[in-house]
Structures are given as C-alpha cells and as structure tokens.
Amino acid sequence: MSNILWKSLVVSPAALGAALLLSSTAIAATTTTTETSSIETSSATEVSQKPEVLVEETKAAQFLAQAKVNPFSNENNNSQSQVTSVSQFSDVQPTDWAFQALQSLVERYGCIAGYPSGTFRGNRSLSRYEFAAGLNSCLDRVNELIATATADLVTKQDLATLQRLQEEFSAELATLRGRVDALEGRTAELEANQFSTTTKLKGEAIFASTDTFGNETGKANRAVLQNRVRLGLETSFTGRDMLTTRLSAGNATAFDFRDNANAPVSGSKTAAINPGSNAVGKQIFEVGSTNNNSVKIDKLTYEAPVGPARVYLAASGGQHSDYAAVNNPYFFDKTDGGKGALTTFASENPIYRIGGGSGIALSVPFGKGDSSLKPSSLTLGYLASNANDPTPSNGLFDGNYAALGQLNFNVGNRVALAATYVHGYQKAGSTLFDSALDGGKALVGTAQANTPTVAGSSSSNSYGVSAAIKPSRKLSLSGFVSYHDVIPEGAGVSREAWSYGAGLALPDFGKKGNVLGIFGGAQPYSLRAGASQTPYQVEGFYKYQVSDNISVTPGVIWVTSPGQATNSNDAFIGTLRTTFSF
C-alpha cells in the first residue's frame, strides 16, 4: 500500500500540523494529556473551541491542544486531498493565533489535509497513536523533499524537532510501520491471486423444501426439495459501468392445482387447455428453472452512465425490474433473488412482468437540490422477446415486445412513488405476464388474465401505480395497483385484468438483517363467464439471517380460488427456503 493511500486512511490533519510545531516541552505536556484518550472513541464528540491549557505550555503545545482530532472516526475516513492554502479551510480564520503556523506548514511542507466539507476541525481529541500516524506521514514528506533536491526547504530546527519526536514516539512508529508492511503483504497476495482486475464472481444457491395442503390440491402433490443456482460475472471497465453475465440452473417444478372435482384448474400444468398459463402461488426459485439442472445463460446486460442519465442494454434475459424502480423494499430482491418474498406476486407489481428479453432502457434523473422531489427520474424502456429470431413475426420489432414509461418520485427520504405505463404486443398463444422467460410460461396471475379470449394476436395497454413508505427504520409499507386492457388485433373480444397488493415489512426483527414480512392482495385476474371469483393470495415469511452469506426463510402461502371458479378450493403452501450467496 502506498504512502499516499496510507495518509488518506489514517493521517490526522491536526497531527500533521503539530508534528513540526512541537517542542520538547510540548512532548511532555501532550504525553500527559493524550494518554487518557481512547482510540476506540467512535463519536468524536466536539470539545470546547477554547480548551484550557497550562500556563507553562508553549505555543506549540497550545496549538496541539487546539488541533486535536480523531482520525479513526467515521468522519475522517473520507479526508480530502492535500490543501494548497490554509484559506481553503472554512473554520480557520486569519485572526486565529495558529493561522500563521498552519500557513507555514501548508506552504513549506504540504503536511496538512482536511475534511470533505472543507474544514480543518482543530478541536478534536488526539491519542499518541494518532499523533504517531501524522508524524510518520510528515517524515515521509520530508524525505520526499530531500529526495527531490528541495532539502533547503527543511530547516535545521525542524529536523531537530523531528528527531526528538522520532525518539519519543519510536514504539508507536514501529507498530504503525509493521501494520503497513503487513497490509502491503496482504494486498500483494490478493492482487497475485485475484480472479480478475475488472470482474467479480457472485453466486446464489437456493435450497427449498415445500409442500401443499388443502383438499384435492394437497392430495395431488407431494413434498419436494428443489433448487436453483445462479452464478454471475459482474465486470466494470470504468468503475461506473457494469456488464452482467449470469448462468442459471434449477430443477423446480410447479404444483398442480385442483378443483373440488379433482380436475386441474384452468391453466395449471396438467390442464388440457393453456397449460402453464396459471402462475398462482408461483415461487421465486421456480423462475429461470431449467427443470433438469442444465446450465444456461439467462442474463446478459450492460449498464453505463451517459451524462446524468443511465443506459441499460439487454442482449438476453432483460427484465423491466432490472432498470425501473419497483418500490417494494424487503419483498423485492434484485430480480427474483432469494432474499425477498417467497412468491413472484409479492415480489413486484405484475406490470413489470409484461414482456422481456432484449432491448434498451434509459433513466434520466431530475428534482435534485432543495426540491421536495429528490432524487426523482423518468425511465423509458423497450424489450423484445424474440429479438434474435429473424423469421417473420419475430425479431426486434415484429414479435412480442413491451415498451415501458415510468415516472419515479421520491418525496423527502421516506416516501417513494412510481406511475408506470406499458404498451405490449402478444402473438397468438402468448401469455401476458411471462417476462419472456421459462419458455413463455406465465410468472404471475391466473390463466384468465394471461390468455387472450381470441385465437390471434393482441396488444395491451397497462397502467400501474406503486408506492413505498418507511415511517421508521423498523417499519416499511408498500403496495401497488395495476390495470391491463387487452385488445385483439382482429375480430374478438377485449378483456380487462386487474391486480393489487400491499405489504408490511419489519426489518431487523429479532436480529440485525432479519425481516418479517406479510403481503396480501389479488393475483392478476380477469372476470368472465365461469371465472367470477377473485383469486386472493396472502403470504407471510420470516427471513432469518444466519450469517452474511446464509439466510433461512420459512413461510406460508394461502391461495383462494386459484382457478377463479366457485368450485376451486383454497390451497396452502408451506416453504422452508435456504439461500446461500457470495
């Protein structure tokens, strides 16, 4: 680790100033006054602007008393770069008795740095180790001046003072230099064995034990142990951009929902009509499953800033919730991650499930400064489901697609709002809420909401509102409403679909990192003859954070009228999900 980096981490601005001002009398005085301070002090409480000093102290000792600072506090972790003039400090005035001394140190030795706010803060406590850190930095600076043939700037008096200080603080200097050597050795080892200078490997593995209960649905299914694994390569070329390449594998299979006559409900996996279009009760770990644990690239995206805006490019596996604000904290974990809600319904507004695949998006911020809307943004996106297919009725513009527009509003620091519009196009046989994943199978909603009432293609106009409110650090409220108008391209009957939900989350419940969550509402549904019931779903879960990398989430999902028919009984799903992440 270079001396410059070491300075930025531990060097106290006041220690730098005091290092060349202390006389032998000052050493004796500070030895008495500073040994009582503790390096472990975290609050760095402000002391009096004019601390009491002993009459016999020299001006150098007085300067030290007035220039105490704790470089181990959080405030000093982001120290600003070397100042070139003492006038850069807003809290140092020409009338201050130490002004000339500070000015001389800045101009002669360049040993003074400050805080990001442009202040010097010369009134904080100082320990011997902190002083030694500043002394070590000043010694390095003097050596640099000598090495660059500017030794004439270093006076004999200052060299004598530095020599006495070295002798007084020899033990502390040896300790600090030993730590620096150890850090440099560890850094060299990490650099020699690191995976890549630009790429991080991230992974997530989900083990889920789950079963269904309740009448015919419970009898038709058995308890299972399923899994999903994701490995991602996150590459940054500039430090502000991100190329994501993700591999996925899984073996999850959905449950078979039955009515009271033991017949598969419409759209369930064994139904004769539209199998796979019913996604009521679908869980997060089922998304992206390859059924037999075969590996596939399920996401290839790139994000980068362009001026104040941010551009999102998806070559494969793009989803609206990758780039648009979802406003569902503690239930939404990235995009179908294993640390949030159990089900796809509770994770995000179903409007974000319309379309997916390849395309582009742009987010432009506004409302900065003292405005009540901070920071807010306008988000635009376009995703095509079959962009790689050059055959007719496919491709970037001729196949299934969804264009999104969203206004995001942050009111203060506790309220977030979003108004969303999505225009989509669905070919014959397509499902509405599929995100272009899992072979076009629905990810949320009933078969009636996902399947058009016509045999041909259709277009859709969807409108959604979502909100999140955090009254306190221990409580979060969120919810959404979405309306979908599906219009046939040819002859046929239009249909309407609705969905709404609300959730309550208690973060750090029982332990830091834990989350207790309850979410309920209506799955996307469309009322029509033979499907007059509203399919409600309520889930409760408790994520227990075992460690930084392991969480265990038990939960229960209650589904009413999964087929929207009067003869489809309620179903209960019990799940124990374990998530490993790195």
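Residues numbered from 1 in each chain as written. Predicted model: local features only at pLDDT ≥ 70, side-chain atom pairs only at ≥ 80, totals over all residues. Heavy atoms only, no water.

Novice: Outline the overall build of the protein chain, listing residues and values.
Specialist: For the protein chain, the helix and strand inventory stands at 13 helices and 16 strands. For the protein chain, buried positions account for 49% of its 582 residues. Taking contacts inside the protein chain between residues at least 6 apart in sequence as the whole, the part at least 24 apart equals 67%. As presented, the protein chain carries roughly 26,400 Å² of accessible surface, and 58% of it is formed by carbon and sulfur atoms. (Helix = DSSP H or I, 4+ residues; strand = E, 2+ residues; numbered from the N terminus. Buried < 20%, exposed > 50% of the residue type's maximum accessible area, 1.4 Å probe, protein only. Contact = heavy atoms within 4.5 Å. Areas by Shrake-Rupley, 256 points an atom, 1.4 Å probe, with all protein chains shown as cover.)

Novice: Summarise the packing of aromatic side chains; cite the residues concerned and give the values.
Specialist: Enumeration according to the criterion identifies 16 aromatic pairs in this entry. Aromatic pair Tyr382 and Phe397: ring centres 5.8 Å apart, planes at 40 degrees, arrangement tilted. Taken together, the residues Tyr382 in strand β7 (residues 376-384) and Phe397 in helix α12 (residues 395-398) connect sequence positions 15 residues apart. Given a relative accessible area of 65%, Phe397 falls into the exposed group. An aromatic cluster is present here, built from Phe331, Phe345, Phe480, Phe519 and Phe541 joined pairwise through their rings. (Phe/Tyr/Trp six-rings, centres within 6.5 Å; stacked < 30°, edge-to-face > 60°.)

Novice: Give a detailed account of the pattern of salt bridges, specifying residues and quantitative values.
Specialist: Considering all chains together, one arrives at 10 salt bridges under this definition. The salt bridge involving Lys282 is made with Glu286; its shortest N-O contact spans 3.7 Å. For the pair Lys282 and Glu286, one class covers both residues: buried. For Glu303, the salt bridge goes to Arg310, with nearest N and O atoms at 3.8 Å. Salt bridges here are not isolated pairs; linked through shared partners, they connect Asp336, Glu348 and Arg353. (Salt bridge = Lys/Arg side-chain N within 4 Å of Asp/Glu carboxyl O.)

Novice: Let's hear about empty space enclosed by the protein: which residues, and what values?
Specialist: Evaluation of the coordinates by the stated rule reveals three cavities of 30 Å³ or more. Roughly 60 Å³ of volume is contained in the largest cavity. Looking at the largest cavity, the residues that line it are Ile354, Gly355, Ser385, Asn400, Tyr401, Tyr425, Gln426, Thr431, Leu432 and Asp434. Partitioned by chemical class, the residues of the lining of the largest cavity number four nonpolar, five polar and one charged. (1 Å grid on protein atoms, 1.4 Å probe; cavity = no way out; pocket = protein on both sides within 12 Å on 5 of 7 lines; lining within 4 Å. Points joined across faces, edges and corners; volume = space filled by probe spheres on them. Nonpolar A, V, L, I, M, F, W, Y, C, P; charged D, E, K, R; others polar.)

So far we have only geometry, and geometry alone does not tell us how the molecule works.
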